[in-house]
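Here are the chains, one letter per residue:
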Amino acid sequence: MSRRKERTLIKIMGIWQVIDGLITILFYGVYQEFFANNNTSSFSKQYHGINALFGNAFLFICGFGTLLIGLGLFNLIASQKYVKDDQVVKSIGVVLLIQALFSYVIFDVISLVLGMSAAVILLAKNKSIRLSSQTG
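Residues numbered from 1 in each chain as written. Predicted model: local features only at pLDDT ≥ 70, side-chain atom pairs only at ≥ 80, totals over all residues. Heavy atoms only, no water.

Draft legend 1. Quick peek at the overall build of the protein. Secondary structure assignment for the protein yields four helices and zero strands. The burial tally for the protein puts 34% of its 136 residues in the buried class. Accessible surface, the protein as shown: approximately 8,500 Å² in total, 68% of it carbon and sulfur. (Helix = DSSP H or I, 4+ residues; strand = E, 2+ residues; numbered from the N terminus. Buried < 20%, exposed > 50% of the residue type's maximum accessible area, 1.4 Å probe, protein only. Areas by Shrake-Rupley, 256 points an atom, 1.4 Å probe, with all protein chains shown as cover.)

Given below as C-alpha cells:
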C-alpha cells in the first residue's frame, strides 16, 4: 500500500517547522535583543552586561527556534528513511501524535493539522496493511 500521502504531509510539516524555527530565531530573537530593551539606560547596559538585560529571553527564543528546526529536520529524515510502502510503522505515528500535541500547546495550528492528519492516515494504513498481510 502506498504511503505517498503520509510522506508528503510529513515533508510539508518538516519544511514548515524549519521555516517556523528560522522565523522564531531571526525575527523574535533579533527583536528581543535589539528593540525590546531600548528603554534601559546605557549605564545598566554597561555595568550589568548583556545577559542581565536580555540574555535569558534571547537564549530561550533561540533554543525554542532550534527545537523547531530539529523537529523539522527529524520529520524530513523520517519521511524519507522510515515511512516505506507496505510496512507497518507504529513509532513514527506515535511521534507525529506527540508533535501534534506539542503544536497544540504552542498554538502552531499548521503543524497541528499536518501532524494529526499524517498520524491518523499513517496509523489507519498500518491497520489495513496488518489485516492484508494476515489474510494474504
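Draft legend 2. Main features of the side chain of K125. Take K125: it is sitting in helix α4 (residues 109-135). The class of K125 is buried, set by a relative accessible area of 17%. Engagement of the side chain of K125 in a polar contact is seen with the side chain of E6, the distance being 3.2 Å. Once you skip the residues sitting within four places of it in the chain, K125 turns out to touch M1, S2, R3 and E6. (Polar contact = N/O pair within 3.5 Å; in protein donor to acceptor, adjacent residues only side chain to side chain. Contact = heavy atoms within 4.5 Å.)

Draft legend 3. Representation of the layout of surface pockets in the model. As a volume, the largest pocket reaches approximately 180 Å³. If you go around the largest pocket, the residues you meet are W16, D20, T24, Y28, F64, L68, I106, F107, D108 and V109. Those elements giving two or more residues to the lining of the largest pocket turn out to be α1 (4-34) and α2 (42-81). No other element matches the four residues that α1 contributes to the lining of the largest pocket. Here the residues of the lining of the largest pocket are counted per class, giving seven nonpolar, one polar and two charged. (1 Å grid on protein atoms, 1.4 Å probe; cavity = no way out; pocket = protein on both sides within 12 Å on 5 of 7 lines; lining within 4 Å. Points joined across faces, edges and corners; volume = space filled by probe spheres on them. Nonpolar A, V, L, I, M, F, W, Y, C, P; charged D, E, K, R; others polar.)

Draft legend 4. Up close: α4. Taking 1.5 Å as the rise per residue, α4 with 27 residues should run 39 Å; its terminal C-alpha atoms sit 39 Å apart, in good agreement. The set of residues buried in α4 consists of S111, L114, G115, A118, A119, L122, K125, N126 and I129. Packing partners of the buried residues in α4 comprise α1 and α3 (91-105). (Expected span 1.5 Å × (residues − 1).)

Draft legend 5. Geometry of the pattern of salt bridges. For the structure on display, the rule yields three salt bridges. R7 serves as the salt-bridge partner of D85, at 3.1 Å between the closest nitrogen and oxygen. With D85 in the loop between α2 and α3 and R7 in helix α1, this pair connects stretches of sequence that are 78 residues apart. Owing to a relative accessible area of 37%, D85 belongs among the partly exposed residues under this scheme. Beyond isolated ion pairs, a larger network of salt bridges with shared partners links R3, E6 and K125. (Salt bridge = Lys/Arg side-chain N within 4 Å of Asp/Glu carboxyl O.)

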